[in-house]
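# Structure at a glance
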Amino acid sequence: WTTTWADRGTAKAVRPFTNGEVAVLLWTDDTSKATALVKLTSSGATAWGPLEFGATHGEGTELAVTADQSALFMTGHNDCDPSTASSGLCGKLSKIAAADGSLSWTQTYSSCGVPNECGYVHIKNECWGVLPMADGGAVLSCGTGIEDCTGMSGQMLTDCQGGTVPLAADTRAGATPHLAGVWQSLVIRTDAAGTLLWQRVDKWREDGEPALGEAGWEDGSSASEYVAQCADGGLIFINDEAGGVGVLKTSAPPSPPPPP
């Protein structure tokens, strides 16, 4: 069978349920209905949808069925505060009930923390991959960085337009300035309610190269886009690198302590 939606530009993701049903993430350039979900039966009939999620979630980039098959995780990015475009760009995770497509919650994530602790809103966060975990939580693979000079002023704008001076867009103590157009890998782990458990930021470098911010250190791009779990329980991320494709591997998290 074939199912089509004449008012949608593309289907970004199609994810199956164990009963043969499928969830589809739809996208169009029309911002009034940019991100939508639909669930189809095993014969291609519409079970529900398309339902619009752009107003709260923003751009949907990836879709996954939760481990218990009861819901969908959708990741992507939107204004950190959807009521204002001047709040910066944050990663998003939404949980949608599989039975009827109702939105359970949408959570917001940023390398600057939520609410923003960087001092500026020039650091953007874009999430591209999502992996449901056995405990009901999720892992997001994202990128974080200064995309361009939009919204800057004064000396920061001058330095950004010059393209050679690292920008102190993160004003927190110990933060390392970065060039515009240079991204880093942002990995996020949540619990079943979407609450942040931990996150980390990484950038690939050659063995022996100076560490971040040290003399001779060179800024370079890394952005995490796909994530999978390995047989040993660790996580593996496929990264978009300035010079090609990279792989980031993490160890398995420690087992939770026994109950009291």
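Residues numbered from 1 in each chain as written. Predicted model: local features only at pLDDT ≥ 70, side-chain atom pairs only at ≥ 80, totals over all residues. Heavy atoms only, no water.

## Quick word on the pairing of strand β8 (residues 103-109)
In the case of a regular strand, side chains alternate between the two sheet surfaces. Where strand β7 (residues 89-97) lies against β8, six bridges are found, and the strand directions are antiparallel. Across the sheet, residue K92 finds its bridge partner in β8, namely T108. Linking β7 back to β8 in an antiparallel pair, the connection comprises five residues, with G101 at a positive phi of about 80°. (Pairing = 2+ DSSP bridges. Helix = DSSP H or I, 4+ residues; strand = E, 2+ residues; numbered from the N terminus.)

## Concerning the nonpolar core
Note that soluble globular proteins tend to have their nonpolar side chains buried in a common cluster. Ranked by internal contacts, the top residues of the largest apolar core, which has 13 residues, are F17, L25, L37, L63, L72, M74 and I96. Put simply, the parts of the chain that give this core at least two residues each are β2 (22-27), β5 (59-65) and β6 (71-79). Ignoring anything within four residues of it in the chain, the contact list for L72 reads F17, A23, L37, W48, L63, A64, V65, T66, S94, K95 and I96. (Core = buried A, V, L, I, M, F, W, Y, C linked by side-chain atoms within 4.5 Å. Buried < 20%, exposed > 50% of the residue type's maximum accessible area, 1.4 Å probe, protein only. Contact = heavy atoms within 4.5 Å.)

## A look at the packing of aromatic side chains
Aromatic rings in a pair are described by how distant their centres are and how their planes are angled relative to each other. Evaluation of the coordinates by the stated rule reveals one aromatic pair. Look at F73 and W105: their rings are 6.2 Å apart centre to centre, the planes differ by 45°, and that puts the pair in the tilted class. Within this pair, whereas F73 is found in strand β6, its partner W105 is found in strand β8, the two being separated by 32 residues in sequence. A relative accessible area of 1% means that F73 is categorised as buried. Look at W105 and you get buried, because its relative accessible area is 17%. Over the ring of W27 we find K12, and its NZ or CZ is 4.5 Å from the ring centre. (Phe/Tyr/Trp six-rings, centres within 6.5 Å; stacked < 30°, edge-to-face > 60°. Lys NZ or Arg CZ within 6 Å of the ring centre and 35° of its normal.)

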